[in-house]
Amino acid sequence: MGSRSFLSRATKRLLATAAFAALLPAGGALAAEPQPQRVIKDPHYGDTLFHFFQDHYFTSITTLMTSQHFDRVPAHADEAEVLRGGLLLSYGLHREAGEIFAQLIEKGASPTVRDRAWYYLAKIRYQRGFLAEAEQAIDRVENYLPPALEDDRGLLKANLLMARGDHAGAAAVLNGMAKRPGAGQYARFNLGVALVRSGDTAGGSALLDEIGRAPQPDEEFRTLRDKANVALGFAALQDERAEAARGYLERVRLESLHANKALLGFGWAAAALKQPAKALVPWTELAQRDGSDAAVLEGRIALPYAYAELGALGQALARYNEAIAAYDREAAHLNESIAAIRAGKLVEGLIDRNPGDEMGWFWTLRELPELPHAGHLAQVLAEHEFQEAFKNYRDLRFLSNNLQHWADNLGVFGDMLANRRQAFAQRLTQVQAGAKANESGLDAVQQRRDALAGDLARAESQADGVAFADARQRELLTRIDDVRAALKAQAGDRSSRRRPTGSGSPPGR
């Protein structure tokens, strides 16, 4: 089977940001080219994206569908549909998402949008185990994907071919990818595996050997290099090339994820070369490691075999007894794990230790549950089949709880509605009574209106704004006039008191 999960965390984030929120680049340009900053013109679409990038996928899709129903996102209609299709994919509704993408294509979507839509749909179908549907989608992709997605498309196509046993077809696809400049390590690794499985052992081994020798820049690709060397080593053991197998397995790091298998294979290569003493070194190291690994358990049986080959029968007997005891312990541990799983502790523990607000496709397991021997489950939990089945269960559980929550609230909403209806009926009676009273006073209102119209006509003809004054205002105007008259009278009295009493020439003249 091909290497590398096609829905890695980085790929999921790329799908979230590029495919969902900006799957429709301006002018139909490829995502690899510089894009202008996108402007959100409809606030309701911005609200949907806010929830989406907060990982609240259920809220995001419900608010989006509500906005679409009320035609609140006209400026982002196509983008909103692509986002809705992607969110439906996150809950496993690939058929509904496929219908959305098909409708967009029929409306005349650009080739870039069309290819991305079918590519991501194929990815989800592959992840969900719908291989035939995934092949139908991937076959509809043409040549308008950006370079990064084009490489992933080739890997996905090859994995689909290998899944149905067409290793030669997968090798042809991967061979075309490997010949391109800057071909990815995973494409070359998968090509090597496909060539070996299709019968071209020499060609596949040469390609894997090249990967197994090359220096790698980071832990991810160093792990891939270890995996290539382990694959080469066990392929050489099957071909009875023990010396070559030992050379391949010596390259594997002792602390890598594949170290246990490498130690086991290295010991068997030494045993095949009739060198049991050299087999003791890797098998002794292996026997001291965690017994939940199948390679470790096999190493504990292989170690006494090497002692027996050396003639150390006492040590071989002791090691066999230790191996039997270890197998009995592991059998008891497995029984305890099985009992815990049947009691429901696995599923409940996974949900409790890996909480998620609104679930969706991007949610992943981060912590193992507290079980008697959780290490037994690591390999099972890492498989796509288990992960997808658990996601389906988890999403159904979330939706069930959501429906139950709303069902519980329906009684409250019913009471609120009844109270509002009662209050409306009471107020309606009062309003209707008031309306009838107003009808009886309509003549008085009409007379007042006519009087005001007359006052307005007089005021306009005489340029007298006082005509609009009411009784209170007229009273105030009268008081003001009285005050003015009193002030004027007082001013006259003061003037008369200051005037001289006589007139003419002074006396004595």
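For the structure itself, consult the block above.
Per chain, residue numbering runs from 1 following the sequence as it is written. pLDDT decides what is reported in this predicted model: residues at 70 or higher carry local features, side-chain atom pairs at 80 or more are listed and counted, and totals for whole chains, interfaces and linings draw on all residues regardless. Derived side-chain values reflect all non-hydrogen atoms in the structure, with water molecules and hydrogen atoms excluded from consideration.

Caption draft 1: Highlighting the environment of Ala 163. Along the polypeptide, Ala 163 turns up in helix α8 (residues 147–163). When the C-alpha positions of Ala 163 and Leu 131 are compared, they lie 8.0 Å apart, and in sequence the two are 32 residues distant. Helix and strand assignments follow DSSP, with helices taken as H or I runs no shorter than four residues and strands as E runs no shorter than two, numbered in order from the N terminus.

Caption draft 2: How the structure looks around the nonpolar core. Judged by nonpolar contacts, the single largest core of 36 residues is most densely connected at Tyr 45, Leu 83, Phe 101, Tyr 119, Leu 121, Ile 138 and Leu 156. Those elements that place two or more of their residues in this core are α2 (43–53), α3 (57–69), α4 (77–90), α5 (94–106), α6 (111–128), α7 (131–139) and α8. No other element matches the eight residues that α6 contributes to this core. Other than its neighbours up to four places away in sequence, Leu 121 contacts Leu 89, His 94, Ala 97, Gly 98, Phe 101 and Ala 137. Counting 27 residues, the second-largest nonpolar core is a separate cluster that includes Ala 170, Ala 187, Leu 207 and Ala 228. We define a nonpolar core as any set of buried Ala, Val, Leu, Ile, Met, Phe, Trp, Tyr and Cys residues linked to one another through side-chain atoms lying within 4.5 Å. Buried residues are those whose accessible area, probed at 1.4 Å on protein chains only, stays under 20% of the maximum for their type, while exposed residues exceed 50% and partly exposed ones sit between those limits. Contacts were defined at the residue level, with two residues in contact if any of their heavy atoms lie within 4.5 Å.

Caption draft 3: Summary view of the pattern of salt bridges. By definition here, a salt bridge exists when the distance from a side-chain nitrogen of Lys or Arg to a carboxyl oxygen of Asp or Glu is within 4 Å. Within this structure, the stated rule accounts for 17 salt bridges. Among the ionic pairs, Arg 164 bridges to Glu 135, the shortest N-O distance being 2.8 Å. With Arg 164 in the loop between α8 and α9 (167–178) and Glu 135 in helix α7, this residue pair connects regions lying 29 residues apart in the sequence. Note that Arg 153 is salt-bridged to Glu 150, the shortest N-O span being 3.0 Å. Within this pair, Arg 153 and its partner Glu 150 are both found in helix α8, separated by three residues, close to a single helical turn. Where salt bridges share partners, they join Glu 219, Arg 222, Asp 226 and Arg 253 into one cluster.

Caption draft 4: Inspection of helix α13 (residues 242–249) at higher detail. Along α13, the residues classified as buried are Ala 242, Ala 245, Arg 246, Tyr 248 and Leu 249. Viewed along the axis of α13, the buried residues span an arc of 160°, placing them on a single side of the element. Packing partners of the buried residues in α13 comprise α11 (201–213), α12 (219–238), α14 (259–272) and α15 (276–287). Note: the arc covers the axis-to-C-beta directions of the helix.

Caption draft 5: Examining the packing of aromatic side chains more closely. Note on aromatic pairs: the rings of Phe, Tyr and Trp (six-membered ring only in Trp) are paired at centre separations within 6.5 Å, and the planes decide the class, stacked below 30 degrees, edge-to-face beyond 60, tilted for the rest. Inspection of every chain in the model, using the stated rule, returns nine aromatic pairs. With centroids separated by 5.3 Å and ring planes inclined at 80°, the aromatic side chains of Phe 58 and Phe 398 adopt a geometry described as edge-to-face. Separated by 340 residues along the polypeptide, Phe 58 in helix α3 and Phe 398 in helix α20 (residues 384–440) bring together distant segments of the chain. According to the relative accessible area criterion, Phe 58 is buried, its value standing at 19%. Owing to a relative accessible area of 16%, Phe 398 belongs among the buried residues under this scheme. Both rings, one in Trp 268 and one in Tyr 305, keep their centres 6.0 Å apart while their planes meet at 45°; by these two values the pair is tilted. Taken together, the residues Trp 268 in helix α14 and Tyr 305 in helix α16 (residues 294–309) connect sequence positions 37 residues apart. Given a relative accessible area of 32%, Tyr 305 falls into the partly exposed group. In textbook terms, an aromatic cluster arises when at least three aromatic residues are bridged by ring pairs, as seen for Phe 52, Phe 53 and Tyr 57.

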